[in-house]
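Summary of the model geometry
Here is how the chains run, residue by residue.
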Amino acid sequence: MKLFEKIANPREIRRKLGLNQQEFWSRIGVTQSGGSRYESGRNMPKPVRELLRLVHIEQIDLAKVKREDFEIVEYLKETHPDLYKSLRKAVRARIEAQEGETTDAVGVHG
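Below you will find a few notes about this structure. (Residues numbered from 1 in each chain as written. Predicted model: local features only at pLDDT ≥ 70, side-chain atom pairs only at ≥ 80, totals over all residues. Heavy atoms only, no water.)

1. With respect to the nonpolar core
Counting residues in each nonpolar core, the largest one holds 11 residues, listed as Ile13, Leu19, Phe24, Trp25, Ile28, Val30, Tyr38, Met44, Val48, Leu52 and Val55. When residues of this core are traced back to their parent elements, those giving at least two are α2 (21–26) and α4 (46–57). For this core, the element with the highest residue contribution is α4, accounting for 3 residues. (Core = buried A, V, L, I, M, F, W, Y, C linked by side-chain atoms within 4.5 Å. Buried < 20%, exposed > 50% of the residue type's maximum accessible area, 1.4 Å probe, protein only. Helix = DSSP H or I, 4+ residues; strand = E, 2+ residues; numbered from the N terminus.)

2. Remarks on unusual backbone geometry
Look at Gln59: it is not a glycine, yet its phi comes out positive at around 60 degrees. Assessed through its relative accessible area of 53%, Gln59 is described here as exposed.

3. Details of the pattern of salt bridges
Overall, the coordinates contain 7 salt bridges when judged by the stated rule. A salt bridge links Arg14 to Glu39, with the shortest nitrogen-to-oxygen separation between them at 2.6 Å. With Arg14 in helix α1 (residues 10–17) and Glu39 in helix α3 (residues 32–39), the pair connects residues that are 25 residues apart, well separated along the chain. Put simply, Arg53 and Glu50 hold a salt bridge, and the shortest N to O gap is 2.5 Å. Of the two residues, Arg53 and Glu50 both sit in helix α4, 3 residues apart, roughly one turn of that helix. Here the two residues Arg53 and Glu50 agree in accessibility, since each one is buried. Within this structure, Arg11, Arg14 and Glu39 form a network of salt bridges that share partners. (Salt bridge = Lys/Arg side-chain N within 4 Å of Asp/Glu carboxyl O.)

Bear in mind that shape data such as this cannot, by itself, settle questions of function.
Written out as structure tokens, the structure reads:
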């Protein structure tokens, strides 16, 4: 998903995550009533769409992210691109393995 790409249906995202409106919208600093309006079709401001993407689609815990983390990533990309690519590949493999374990644990097979 591109930065600020239109989120077609936030209600669908919320339901897939199994969250009520309060839980879903409060994680990005939006009131339940505001979130309800967005779910009913009101246009979401770009910052809200981006927060929704980061928190609910990319699964980033914003409370744990620091500016220094981004600076380290940029430094690594610039000075050691091969190491960066290798680490990125390892992380993706780890995520896929964890997703597979989760799918097996709940008995879902695709």
